[in-house]
Amino acid sequence: MKIGLLGLGTIGSGVYEHLSRRDDISVKRILELVRHPGLEHLETSDFNEILNDAEIDTVVELIGGMEPAHTFTVQALKAGKNVVSANKLMLSHHMEQILTLAREMGVHYRYDASVGGSIPFLYNLMRYRGADRLVGLSGIVNGTTNLILDVMQTDGRAFDDVLAEAQRMGYAEANPSADIDGIDAMCKLSIASAVAYQKYVRPEDIDTEGIRHITAGDIIHFKKMGRVCRLIASSALNADGSVSACVEPTLVPDASTEAAVRLNNNAISVTGEYFGVHTFMGQGAGKDPTAFAVELGLRDILEGVSPRLNPIPEGYARIDNAAAKRRYYVRTSAPLEIAASALSGGAYVTEPIGVRDMHRLAKKLRETDPGLFFAGISE
Ligand code: HSE
């Protein structure tokens, strides 16, 4: 197998190192704008050198972001090359086009590394959905925010300090606001939900809230409540065929599975009507764990896994976040104007309220209090 590797950043360099140890998969070309000592003979800044090289059968796309990743992916698939990618932003916005094109061309588009890092989560979702009706997904899918929330609560360290550590460790996105504003988790939930329910879920339909505004004062409240804050992405297939989907900070009990997920780890649960609940846990971000997932995808292709493993969803899900109701912790200096009991320091615990209503209310209140923070309270 001959690879054209797009990008030699954190994950790309990990993939290059992993593949250097194999003799059945070799990197023939690397698309990079800057030159790396010792790799100049492989490096090019012209994607056409990869596209037009008939010996390169598989493109590994690790440049991330929307463009030129999208254009290069489409061109590679149209040229009959397999593509293996960790690009959740691009895939979540172009999933129908990419999966359909790969199917038409009879090539692989493997995106295992885009959700859950090293965890064989998407791969198993693809296998499960043929044997059971999948009805729920819930969990921690962003390593950067989990590190921040975990270390803030256990060590009392400041938000910015832990975020800088996540950047140093290679966990955070190039623009870390994608992590702390919940966008990365939203894209991952969109992809996983499409695989699970066989209907595309548009990222922009997912009610999404990040952890940007959490403070040490909020964490004091959580400790008194016997709770830990985690950024939870969840979706469900409702009885009427609609899908509910949201990403939001969530206060989980101290003794829960999610509370035990430490540092950059992820934990994602899938619910099937027959098998019940399976939880996948492991490192969700970072150079080696993500490179491992890319290598698994490549190995599957090499060993002859069918491209048809990859399901093609039918149509788009109707999103309904009105029915799902929960209590929320809200800290704001703006008048809350909904039924809630007051804690100290401008914090409240609301009566149960719809997810969509809470996200809309927060947007409105932020016009007067931009620092508002809210978190769902799990059952
Ligand atoms: N920034 C992402 C995270 C990388 O922290 O989870 C892995 O997708």
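Read on for a plain summary of the structure. (Residues numbered from 1 in each chain as written. Predicted model: local features only at pLDDT ≥ 70, side-chain atom pairs only at ≥ 80, totals over all residues. Heavy atoms only, no water.)

1. Here's the deal with the pattern of salt bridges
Put simply, the test is: Basic side-chain nitrogens of Lys or Arg form a salt bridge, by our definition, when they fall within 4 Å of a carboxyl oxygen of Asp or Glu. Runs of E in the DSSP output that reach at least two residues are strands. Runs of H or I that reach at least four are helices, and both are numbered from the N terminus. Think of it in three bands: residues with accessible area under 20% of the maximum for their type are buried, residues over 50% are exposed, and the middle band is partly exposed, with areas taken using a 1.4 Å probe on protein chains only.
Enumeration according to the criterion identifies 23 salt bridges in this entry. Here Lys287 ties to Glu17 by a salt bridge, and the two come within 3.1 Å at their closest N and O atoms. Residue Lys287 is located in helix H11 (residues 287-302), and its partner Glu17 is located in helix H1 (residues 10-20); the two are separated by 270 residues in the primary sequence. For Glu17, a relative accessible area of 37% translates into the label partly exposed.

2. A short note on empty space enclosed by the protein
Note the threshold: Only protein atoms enter the 1 Å grid, on which a cavity is a set of points fitting a 1.4 Å probe that cannot get out and a pocket is an open set with protein on both sides within 12 Å along at least 5 of 7 lines, lining residues being those with an atom within 4 Å of a point. Grid points are joined across faces, edges and corners, and a volume is the space filled by probe spheres set on the points. Polarity classes work like this: nonpolar for Ala, Val, Leu, Ile, Met, Phe, Trp, Tyr, Cys and Pro, charged for Asp, Glu, Lys and Arg, and polar for all others, with Gly in that last group.
What the rule picks out here adds up to one cavity of 30 Å³ or more. Computed from the structure, the largest cavity encloses a volume of approximately 50 Å³. The wall of the largest cavity is formed by Val115, Phe121, Leu137, Ser138, Gly139, Val141, Lys188, Leu189, Ala192, Ala233 and Ile268. Secondary-structure elements contributing two or more residues to the lining of the largest cavity are strand E7 (134-140) and helix H9 (183-197). Broken down by class, the residue content of the lining of the largest cavity amounts to eight nonpolar, two polar and one charged.

3. Overview of the environment of Ala259
Put simply, the rule reads: When checking whether two residues touch, look at their non-hydrogen atoms; a contact exists if any pair is within 4.5 Å.
Within the secondary structure layout, Ala259 lies in the loop between strand E10 (243-253) and strand E11 (265-272). A relative accessible area of 11% places Ala259 in the buried class. As a C-alpha pair, Ala259 and Leu336 span 77 residues in sequence and 28 Å in three-dimensional space. Beyond its immediate stretch of four places on either side in the chain, Ala259 contacts Val228, Arg230, Val252, Pro253 and Asp254.

4. What about the sheet that holds strand E1 (residues 2-6)?
For the record, the criterion: By this definition, two strands are paired if DSSP reports at least two bridges between them. Inter-axis angles, ranging from 0 to 180 degrees, are taken between N-to-C directions of lines fitted to C-alpha atoms, where helices are fitted over the stretch in contact.
Reading across the sheet, the six strands line up as E3-E2-E1-E4-E5-E6 and stay open at both edges, with parallel pairing between neighbours. Among the strands making up the open sheet, the edge pair consists of strand E3 (43-44) and strand E6 (109-110). Where strand E4 (residues 58-61) lies against strand E5 (residues 82-85), four bridges are found, and the strand directions are parallel. Paired with Thr58 across the two strands is Asn82, which belongs to E5. Against the sheet, H1 touches E1 and strand E2 (26-31), its axis set at about 160 degrees to E1.

5. Examining the side chain of Asp369
We count it as follows: Counted as a polar contact is a pair of N or O atoms within 3.5 Å, where, for protein atoms, one must be capable of donating a hydrogen and the other of accepting one, and residues adjacent in sequence contribute only when both atoms are in side chains.
Tracing the backbone through its elements, the reader meets Asp369 in the loop between helix H12 (355-365) and strand E17 (373-377). At 2.9 Å, the side chain of Asp369 forms a polar contact with the backbone nitrogen of Ser333. For Asp369, the residues in contact, after removing those within four places along its chain, are Arg331, Thr332, Ser333 and Ala334.

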